[in-house]
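# An overview of the molecular structure
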Amino acid sequence: PIMATDLMEIDDSLYSRQRYVLGDSAMHQMAQSSVFLSGMGGLGVEIGRQYLMYVCPLCVQAVTLHDTKQCETWDLGSNFFIRKEDVLSQRRRVEAVCPRVAELNPYVHVDMSSSALDDNTDLGFLRRYQCVILTEARLSLQKRVNEFCHSQQPPIRFISCDVYGICARVFCDFGEEFEVFDPTGEEPKEVFIQSITQDNPGVVTCMDNQPHGLQTGQSVVFREVGGMVELNGTSRQVSVLSSHSFAIGDTSQLQPYTHGGFFVMVKTPKMYRFVSRLVFIFNSVAPLQIHAGMLALDTFQEQHSRLPNTGCLQDAEVLLKLTEEVNALVRCLSRTARGILPPLAAAVGGLASQEVLKAITGKFAPLQQWFYLDAIEVVKPLQPLSAEEFSPRGDRYDGLRACIGDSLCLQLHKLRVFMVGCGAIGCEMLKNFALLGIGLAKSSGEVGIYSLCIYLSVHHRPRPHRKATSYTAAEATRDINPDLQVEAHLNKVCPATENIYNDSFYSSLNLVVTALDNVEARRYVDSRCVSNQRPLLDSGTMGTKGHTEIIVPNLTESYNSHRDPPEEEIPFCTLKSFPSVIEHTIQWARDKFESAFVHKPSMYSSFWQTHSSAEVVLQRMQAGESLEGSFQVIKLLSRQPTQWDQCVAIARLKFEKYFKRKALQLLHSFPLDTRLKDGSLFWQSPKRPPTPLEFDLKDSLHFAFIVSTARLFAGIYNIPYSERDLSEEAITRILADVKIPEYRPSEKVKTDETAKKPDQIKMPLSSEEERDAIAHLEQAIATDRVTPERLRMSPLQFEKDDDSNGHMDFVASASSLRAIMYSIEPADRLKTKRIAGKIIPAIATATAAVAGLVALELIKVVGGFGFESHKNCFFNLAIPVVVLTEPAAVKQTLIRNNIYYTIWDCWTVFGHEDFTLSDFMNAVREKYGIEPTMVVHGVKMLYVPVMPGHSKRLKLTMHKLIKPSVDRRYVDLTVSFAPEADGDEDLPGPPVRYYFSPDGETP
């Protein structure tokens, strides 16, 4: 392992997404911690993997893995680090697991122990650990270790976790006083102020009724408040009055509020208190049935030194007597206790790993103190099955079989699944597929996975060569379960590839799983699933938050049935002239990058590929012909640098333009005392007046901007440079010869917030500009500057993760300089990278949890369970809260006369080569008993009675109207139907699928 002294910084290329969730303070705190984890079963390895894989990127003093059992065939179905050869050689589980866990993170020292840990063990060795986690431990041992940890000074954080068949629990004890410095992990936002009353209490109202997101008792600090200046820099406790207003105590003695200002929530530490005596805690929010059932199971183990036998009615009756109540959950718990549902272990492992993180770092609100999760919906419908169905067969699926039975196991083996996306969630899903035996080759099952991303692998182990995720993940999945049939795809799943992912492809599937990071891709896949009547399992995470959504044909609504409001775009005028928060300056810098180094070089190269001869372009322009893009292209050609010194000079002029002249121009057009028509100041929140920046090469930010900008210009113009050229000495020498033109203010400044970006509007050229363009091109031709090399530029592709390319150097320095110019607090490089790169924060605990929850739902879908069995989930592991809800039931829409349809309905009409539009409408009327009035194909109106000439179309064939491609079997048409009463609007209906041939095959 890499020692702490050798590691100065967190490896951002691997851990940036986790840094956004945890913050550097928490991650460095972990570097000083040691953890003891006992039990290398399915749940134990989930916790160990998740903790090591993501949340320990710095050198932890030690992680000790403890276990005393030998590898068994049974373990292959729940422990993804144990291989068949480990079972055959009778290795200890900890010996098999430890080296494979250690591969996940070279920064962590992982050791192992197989010493006895029981009621007679001296627990003094635990004093060197800051956190102790027990899995697969008897209750008496849990109590003893818990009491020992609780009694230490400072207390050792204690966590115990168990998964018995369909039930799981987590218990935490972090000591009598446990301080959390950030209970929610939410980033404080700047909220602008509309008004503050001079009263007791004073009331703050947010600008434009923006929600403040505060809770009574929290505190805020004020900045840049006009008039009531005494508030600036002070912290006030709030009392919430509405979503956009709150009271802050007495302001009656302060000066009257005049304008501007904003507030930011203050993060205040919170103290949590824990108690031990594990068995005797009956938290009011704990589900009492499962609590009682699990405690009875503990007692059963103490009395019988074993778990209840699978399907044994006698053991079930003993367990029922111990709970002193009869309920279905206890019966199911008794029958399945010896088994394990790998997805349940993954979901609970995610939550438990998050609690380990909280114990070590003091970030996020800890669990108090119990968490229970059951999957009774998975096994309830299976109760009538015989005990033989759940008995072991001596293979890797015995643990799963004890829970869901042999028949359902076989259905999983035969499953054909298509997973779209193979990032973090996708890899976690594949791990669950491998453990569940989904898509076995010998059963004609298959898992198809699609991804265009570059990633590491399902276990994030380093690979010698970077491959597409789908290929790498497929290899890692087969490592876990060699019997899996996994096929990797690299085609993008979109309308352009419907010749590959066609109806026949979807018809061959049992279900589709999405592991995507964007809404539009989800909507497309959802539409294909609805069209082909296939279940869809969707999930997503953002930091510690996660959601799952289950979509089942004819039972639930689809993903497209609900739409989130679109994200608000930053007004162009705000970006251009009036930034007020750091997000504005970062987006501005990102836009500058796209404009200068992507869009313009692309346009330039494209123009000269279309017009290969500069002389011909000149002749056509002289003849008065307008060539699109010619003005901008000739401008770029005339200013094209040919050597490194010129790139540095351009960078210096850009600095002058962006950070000095822009400010001078705005202050010229709108002096600080400018007032609007209503008498209010022009420069008041959220508008900030700029301050011109004087260039200083000794300022590291100024130097970074010059170097990064010059490098990027050299890149697009294919100009070489050396490391020596980037030195301060070389840059200083070049800049000494750069002449800065005299500044002259312009009288044209736009402040209209509805103004569009220049590329969204057509700007007519003046005759003078046209003459200038022609003159510049003539001069370039005359001076032999129009060479093949100079007619080619190399557009860049923004790459945030390569620190050597200068892309983030440019965005970070440009954003910070603009922030300073507008008196905005600059962001550090990490935050700038997140916003500029649109990075979604992620952490392994949340991705493991959503994948586990989705896999549980997959079992229910395969079993054909009813609507009431399915559950959607939303969770936030930071708080922590887990909410399970029924999915939205499919809605029936009345057309008329008791004719209903749902989103899953699709009426069909089979035609032939001579089938006319009139025949189509008659077929709909005769088959479905309702009169069609309008027929639309996509955006093309095939038949609308009021449209001129449309009545003549009734005699035309459907082939002629639609003009299908040769291999097209059908089209989905939108048909409206006649209302019940004249004057009413036409009635909607389901899509009508028209097949071009009587048998539905390709004509």
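All of the points below concern the structure found in this document. Just so we're clear, the structure is a prediction, and the values are computed from it rather than from any experiment.

Here we take up empty space enclosed by the protein. In total, this model carries two cavities of 30 Å³ or more according to the counting rule given. Size it by volume and the largest cavity reaches roughly 90 Å³. In this structure, the largest cavity is lined by Ala347, Val348, Leu351, Phe371, Leu373, Ala849, Leu853, Phe875, Leu877 and Val882. At the level of elements, α10 (342–361), β16 (370–374) and α28 (844–862) are the ones that each hand at least two residues to the lining of the largest cavity. Residues that form the lining of the largest cavity fall into these classes: 10 nonpolar, no polar and no charged. Lining the lining of the largest cavity are residues from two domains, each supplying at least three of them: domain 1 (15–181 + 274–279 + 340–373) and domain 3 (405–567 + 855–885). For the second largest cavity, the calculated volume is near 40 Å³. Along the walls of the second largest cavity sit Val35, Leu37, Ile47, Gly48, Tyr51, Val63, Ile133 and Val356, which together make up its complete lining. Ranked by residues supplied to the lining of the second largest cavity, first place goes to helix α3 (residues 42–53) with three residues. A class-by-class count of the residues in the lining of the second largest cavity yields seven nonpolar, one polar and no charged.

Here we take up a negative patch on the surface. The grouping of Glu980, Asp984, Glu985 and Asp986 at the surface amounts to a negative patch. Residue placement: Asp984 occurs in the loop between β30 (970–977) and β31 (992–995).

Where like charges cluster on the molecular surface, the positive patch consists of Lys576, Lys600, Lys635, Arg639 and Lys657. With respect to the helices, strands and loops of the structure, Lys657 is situated in helix α22 (residues 644–669). Its relative accessible area of 48% is what places Lys657 among the partly exposed residues.

Okay, the sheet that holds strand β8 (residues 190–196) next. If you walk across this open sheet you meet the seven strands as β11-β10-β14-β8-β9-β13-β12, and the pairing is antiparallel. This sheet does not close on itself; its edge strands, each paired only once, are β11 (235–237) and β12 (239–242). The mean angle between the axes of side-by-side strands here comes to 40 degrees, regardless of whether they run parallel or antiparallel. Note: strand β10 (residues 219–223) against strand β14 (residues 262–266), five bridges, orientation antiparallel.

Conventions and cut-offs
- For every chain, the first residue of the written sequence is number 1, and numbering continues from 1 along that sequence.
- Local features in this predicted model are restricted to residues of pLDDT 70 or higher, and side-chain atom pairs are both shown and tallied only at a pLDDT of 80 or more, whereas totals for entire chains, interfaces and linings draw on every residue.
- The side-chain values count all of the structure's non-hydrogen atoms but skip hydrogen atoms and water molecules.
- A cavity here means a set of points on a 1 Å grid, drawn over the protein atoms and nothing else, where a 1.4 Å probe fits but cannot get out; a pocket is an open set with protein on both sides within 12 Å along at least five of seven lines, and a residue lines either one if it has an atom within 4 Å of a point.
- Grid points are joined across faces, edges and corners, and a volume is the space filled by probe spheres set on the points.
- The way it works is that DSSP assigns letters per residue, a run of H or I at least four long becomes a helix, a run of E at least two long becomes a strand, and they are numbered from the N terminus.
- In the scheme used here, Gly and all other residues not listed as nonpolar or charged are polar, with Ala, Val, Leu, Ile, Met, Phe, Trp, Tyr, Cys and Pro taken as nonpolar and Asp, Glu, Lys and Arg as charged.
- Delimitation of the domains relies on an automatic or database domain assignment.
- Exposure above 30% relative accessible area and the absence of a salt bridge qualify a residue for a patch, where like charges join within 9 Å and nonpolar side chains (Val, Leu, Ile, Met, Phe, Trp, Tyr) within 5 Å.
- Computed with the Shrake-Rupley method and a 1.4 Å probe, the accessible areas treat only the protein chains shown as cover for residues.
- Within this document, salt bridges are pairs made up of a side-chain nitrogen of Lys or Arg and a carboxyl oxygen of Asp or Glu, the two lying within 4 Å of each other.
- Lys and Arg are tallied as positive, Asp and Glu as negative. Neither His nor the chain termini are counted.
- Here the site of a charge means atom NZ of a Lys, CZ of an Arg, CG of an Asp or CD of a Glu.
- Buried, partly exposed and exposed residues are distinguished by accessible area as a fraction of the type maximum, computed with a 1.4 Å probe on protein chains only: under 20%, between the cut-offs, and over 50%, respectively.
- In this analysis, strands are considered paired if DSSP registers two or more bridges between them.
- Angles here are taken between N-to-C directions and fall from 0 to 180 degrees, while the axes themselves are lines fitted to C-alpha atoms, restricted in helices to the stretch in contact.

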